[in-house]
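Chain and residue survey
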Amino acid sequence: MSLLPTATSTDVQEQQPRIAVLPVGSFEQHGHHLPLITDTAIACIISQEIADAYRVHLLPPITMSCSHEHAAFPGTVSISAKTLYAMIDDIRASLARAGIHKLVIVNGHGGNYVLSNVVQEANVDGPAVSLFPLGADWDRARDHAGLISDRHADMHAGEIETSILLHAAPQLVRDGFTDADYDGGSRPFLLVQGTSAYTDTGVIGFPSHATADKGKAVLASLADSFAGHLEILGLSS
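Here we summarise the structure given alongside this text.

**Topic: the packing of helix α6 (residues 159-168) against helix α8 (residues 212-232)**
- Orientation of α6 relative to α8, taken along the N-to-C sense of each, is 95°, at an axis distance of 7 Å. With respect to each other, α6 and α8 are oriented roughly perpendicular. For the pair α6 and α8, contact is made by Glu159, Ile160, Ser163, Ile164, Leu166, His167 and Ala168 and by Ala212, Lys214, Gly215, Lys216, Val218 and Leu219, respectively.
- Here the contact of α6 with α8 is composed, by residue class, of seven nonpolar, three polar and three charged.

Quick look at the structure:
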């Protein structure tokens, strides 16, 4: 699996895409069985599925983002929300100069709350930017794949993330995921206390339920759901 697009300038010129896809990941702990690049890898995997199915300009990922809730665990590195906002703003300006005025941000990290504000502000004068996958997209994918856990209970390094990587990048999944389940409960003060207040291992979820077949089905559902985001941005699939 390559995390970077390999298109040439000539490829883009011939394709003439009207929309760009930007994966946004993170560099944060994912327990003992998944790497720090998990969210980046998943954002790139989803983005590649999209690029295989639709005419888009696939961009390389933003690999560090707002992971402050994981700061208590070794290896995690964050950037500020304002830095992430500025990076996306600069990328949008560069794309616009190249004649691409539509953007979909594929977010692999749930803690990137600022991306919702980025999208809201970008669309004040008309549909220009969409955030993908939304909660409904994830829920539809979970149902389609027959996942056992729900989105709240399976928040981090659990069934869905492990399943996606078992299918698309199994070399990133270490032994021990079948014994790594951790129930983080309701987590009412996650923003105040951080992840370490609700998990000893870094996992909040149920990776023991993960399979490669579930990961494949999740990705297929997400690729189908992307058509709705194209439509709302005024583009046909």
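After presenting the structure, the write-up continues.
**Brief notes about a nonpolar patch on the surface**
- On the surface, Tyr113, Phe189, Leu191 and Val192 cluster together to form a nonpolar patch covering roughly 510 Å² of accessible area.
- Look at Tyr113 and you get partly exposed, because its relative accessible area is 46%.

**Some words on the pattern of salt bridges**
- Evaluated as defined, the whole model comprises four salt bridges.
- Two residues, Arg140 and Asp137, come together in a salt bridge whose shortest N-O distance is 3.3 Å. Here Asp137 and Arg140 lie together in helix α5 (residues 135-145), a separation of three residues that amounts to about one turn.
- Across the salt bridge formed by Arg151 and Asp139, the nearest N and O atoms sit 2.9 Å from each other. Of the two residues, Arg151 sits in the loop between α5 and α6 while Asp139 sits in helix α5, which places them twelve residues apart along the sequence.

**Observations regarding the pairing of strand β3 (residues 102-107)**
- The buried count for β3 comes to five of six residues, which makes it a mostly enclosed element.
- One ladder, built from six bridges, connects strand β1 (residues 19-24) with β3; its direction is parallel. Its bridge partner being in β3, Ile19 is matched across the sheet by Lys102.
- One ladder, built from four bridges, connects β3 with strand β4 (residues 129-132); its direction is parallel. Across the sheet, the residue bridging to Val104 is Ser130, located in β4.
- A crossover connection joins β3 to the parallel β4 through helix α4 (residues 114-122); in handedness this β-α-β unit is right-handed.

Definitions and limits used
Residues numbered from 1 in each chain as written. Predicted model: local features only at pLDDT ≥ 70, side-chain atom pairs only at ≥ 80, totals over all residues. Heavy atoms only, no water. Axes fitted to C-alpha atoms, helices over the stretch in contact; angles between N-to-C directions. Helix = DSSP H or I, 4+ residues; strand = E, 2+ residues; numbered from the N terminus. Parallel < 35°, antiparallel > 145°, perpendicular 65-115°, else oblique. Contact = heavy atoms within 4.5 Å. Nonpolar A, V, L, I, M, F, W, Y, C, P; charged D, E, K, R; others polar. Patch = residues over 30% accessible without salt bridge, like charges linked within 9 Å, V, L, I, M, F, W, Y side chains within 5 Å. Areas by Shrake-Rupley, 256 points an atom, 1.4 Å probe, with all protein chains shown as cover. Salt bridge = Lys/Arg side-chain N within 4 Å of Asp/Glu carboxyl O. Buried < 20%, exposed > 50% of the residue type's maximum accessible area, 1.4 Å probe, protein only. Pairing = 2+ DSSP bridges. Right-handed = clockwise from strand over helix to strand, strands pointing away.

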